[in-house]
Amino acid sequence: MNERDPLILANLVRNWCDRDPQRQILTFVDIGPDGEFLDETRSYQQLWDNGQRLAAWLSSQGMAKGDAFGIVMQNHAQFVDLMVASSILGTVFVPIDSRTRGDKLKYMLEFAECKGAVVAGYALAEVESAWAGEQDRWLATLCGTHGGYPGIDQVLAGPMPTAEVEVASVDPNDPMQLLYTSGTTGDPKAIMSTHGRYGVAATLPAVLGLAEDDVLYTGLSLTHANAQIVTLGMILHTGMRGVVSRKFSKSRLWDITRAYGCTFFNLLGGMTTAIYAEPRRDDDADNPVRKILSAGMPAAIWEDFSQRFGVDLFEFYGAAEGG
């Protein structure tokens, strides 16, 4: 069978299904009420099957190639399922941080011309408020127990489509998603990111000196380019294993890396000083991490951070727009 163009996310996942469908590549971790780790995994086959179910469901909501919809949630496994579904259907997904509120949220949804949104229950009230009075927008939640809206978990637990949904994304230069910047200088700036742009992730392991047996970790939000391209993108393209936290936890970071054998992660800005400011422990250096990619670690803590945690540090800078 000829390999489908892997610059299209749906094709990438399908190609891996032909080669190694049961490879467990993603583990999503949440911290339970007693501090325990609650996890959920995804193989390539699960990503493809879930993508098919959700693509058929999105189509039933009236979504067609080129239409946009929002994903407003933390780092749930369903986030990646929806990415694959969107690539199958040829729609444009719009990831929005679930902490976004008020006029900023309304602007982001409206500027992207979202026809609907899949929203975690904890963010639903804000989205409802932003779309108050709008009659032509659809909403869905994760579990289907909030506001009487359909839940995509029920879709994922249901049967596969009677007929396979054909992959409508064919041109790597077509839009894959609309990413927003953080908006530190006014309204968030919208970045139309193509399928081909996401494919840049395939080149990163060689640049960063990573091997197939490395285990990548992120607690950064999948609604931003860093976690989505630098971490998730590398995982999906290469078949390396990866661990994704529901959200960042400076106090449990090293516990997570120990529990799941993570060898690489990246940090942004104040995260580095927040981790460094945690009380010192005798086992700080007793962790499997060998490399950290940071952006903006203060020079004053660089050497001590590296020695304290027993890691090699690297700095990088790049804009979501490219570079």
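Below or above, wherever it landed, is the structure these notes cover. Along each chain, residues carry numbers from 1 onward, in the same order as the chain's sequence is written. This being a predicted model, a pLDDT of at least 70 is required before a residue's local features are given, and a value of 80 or more before pairs of side-chain atoms are given or counted; all residues contribute to the totals for chains, interfaces and linings. Based on all heavy atoms of the structure, the side-chain values leave hydrogens and waters out of the count.

## Description of unusual backbone geometry
Phi angles above zero are rare outside glycine, and glutamate 113 is one such case at about 55 degrees. The residue glutamate 113 is located in the loop between helix H4 (102–111) and strand S5 (114–119) in this model. Think of it in three bands: with a 1.4 Å probe and only protein chains considered, a residue is buried below 20% of the maximum accessible area for its type, exposed above 50%, and partly exposed in between. Residue glutamate 113 is classed as exposed on the basis of its relative accessible area of 63%. What counts as a helix is a DSSP run of H or I of at least four residues, what counts as a strand is a run of E of at least two, and both are numbered from the N terminus.

## A closer look at the packing of aromatic side chains
Only centres within 6.5 Å qualify two rings of Phe, Tyr or Trp (six-membered ring in Trp) as a pair; their planes then separate them into stacked at under 30 degrees, edge-to-face at over 60, and tilted for everything else. Enumeration over the complete set of coordinates arrives at ten aromatic pairs. Judged by centre distance (6.1 Å) and plane angle (90 degrees), the ring pair of tyrosine 217 and phenylalanine 265 falls under edge-to-face. You can see tyrosine 217 sitting in strand S9 (residues 215–218) and its partner phenylalanine 265 sitting in strand S11 (residues 264–268), a full 48 residues away along the chain. Taken individually, tyrosine 217 and phenylalanine 265 each receive the classification buried, so the pair is uniform in this respect. Put simply, the rings of Tyr217, Trp254, Phe265, Tyr276, Phe305 and Phe309 touch in pairs and so form one group of aromatic residues.

## Details of helix H2 (residues 44–60)
Helices are assigned an expected span. That span is 1.5 Å times one less than the residue count. With 17 residues, H2 should reach 24 Å at 1.5 Å per residue; the first-to-last C-alpha distance of 24 Å fits that figure. The buried fraction of H2 amounts to twelve of the 17 residues, a majority that puts the element mostly inside the structure. For H2, every residue scored as buried is listed here: Tyr44, Leu47, Trp48, Asp49, Asn50, Gly51, Gln52, Arg53, Leu54, Ala55, Trp57 and Leu58. Backbone geometry just downstream of H2 places glycine 62 in the positive-phi region, at approximately 95 degrees.

## A short note on empty space enclosed by the protein
Residues are said to line a cavity or pocket when one of their atoms sits within 4 Å of a point; the points come from a 1 Å grid over protein atoms alone, cavities being sets where a 1.4 Å probe fits but cannot get out and pockets being open sets with protein on both sides within 12 Å along at least five of seven lines. Grid points are joined across faces, edges and corners, and a volume is the space filled by probe spheres set on the points. The tally for this structure, following the rule as stated, stands at one cavity of 30 Å³ or more. Taken as a whole, the largest cavity holds about 30 Å³ of empty space. Tyr217, Thr218, Gly219, Leu220, Phe248, Phe265, Asn266, Leu267 and Met271 are the residues that line the largest cavity. Of all elements in the fold, only S9 and S11 reach the threshold of two or more residues within the lining of the largest cavity. Considering every element that reaches the lining of the largest cavity, the biggest residue donor is S11, with three residues. Each residue receives one of three labels: charged for Asp, Glu, Lys and Arg, nonpolar for Ala, Val, Leu, Ile, Met, Phe, Trp, Tyr, Cys and Pro, and polar for the others, Gly being one of them. Grouping the amino acids of the lining of the largest cavity by side-chain chemistry returns six nonpolar, three polar and no charged.

## Remarks on the packing of H2 against helix H3 (residues 77–89)
Following both chains from N to C, one finds H2 and H3 inclined at 65 degrees, their axes separated by 7 Å at the closest point. Seen along the crossing, H2 lies across H3 with a hand that is right-handed. Between H2 and H3, the residues in contact are Leu47, Trp48, Asn50, Gly51, Gln52, Leu54, Ala55, Leu58 and Ser59 and Val80, Asp81, Leu82, Val84, Ala85, Ile88 and Leu89, respectively. What counts as an axis is a line fitted to C-alpha atoms, over the stretch in contact for a helix, and the angles between N-to-C directions run from 0 to 180 degrees. With the far helix as reference, a near helix turned anticlockwise by less than a right angle produces a left-handed crossing, and one turned clockwise produces a right-handed crossing. Throughout, a residue-residue contact means that at least one pair of heavy atoms, one from each residue, lies within 4.5 Å.

## Concerning the layout of surface pockets
Of the volumes computed, that of the second largest pocket is approximately 180 Å³. Around the second largest pocket, the lining is made up of 18 residues, and of these Glu40, His76, Gln78, Leu142 and Arg246 lie nearest the centre. Elements that contribute at least two residues to the lining of the second largest pocket include exactly strand S1 (24–31), strand S2 (37–43) and H3. Looking at the lining of the second largest pocket residue by residue, the class counts come to seven nonpolar, six polar and five charged.

## Quick notes on the nonpolar core
Counting residues in each nonpolar core, the largest one holds 83 residues, and the members touching the most others are Leu26, Leu236, Trp254, Ile292 and Phe305. With residues up to four places along the chain from it excluded, the contact list for leucine 26 reads Glu40, Thr41, Arg42, Leu47, Val80, Leu232, Ile235, Leu236, Gly242 and Val244. Listed in part, the 20 residues of the second largest apolar core include Leu105, Ala112, Cys114 and Val127. Nonpolar cores are built from buried Ala, Val, Leu, Ile, Met, Phe, Trp, Tyr and Cys residues. Side-chain atoms within 4.5 Å join them into one set.

## Regarding the side chain of serine 249
In this structure, serine 249 sits in the loop between strand S10 (241–245) and helix H10 (253–260). A 3.5 Å cut-off defines polar contacts: any pair of N or O atoms within that distance qualifies, except that in protein one atom must be a possible hydrogen donor and the other a possible acceptor, and neighbouring residues in sequence count only when both atoms are side-chain atoms. A polar contact is formed between the side chain of serine 249 and the backbone nitrogen of arginine 252, at a distance of 3.2 Å.

## Some thoughts on the pairing of S1
With seven bridges connecting them, S1 and S2 associate as antiparallel partners. The partner of valine 29 across the bridge, within S2, is aspartate 39. Turn length for the S1-S2 hairpin, with the two strands adjacent in sequence and antiparallel, is five residues, and the turn residue glycine 35 shows positive phi of about 85 degrees. Note on pairing: DSSP must find at least two bridges between two strands before they are called paired. Where S1 meets S10, four bridges bridge the pair, whose relative direction is parallel. Each residue of the ladder has a partner; that of phenylalanine 28, found in S10, is valine 244.

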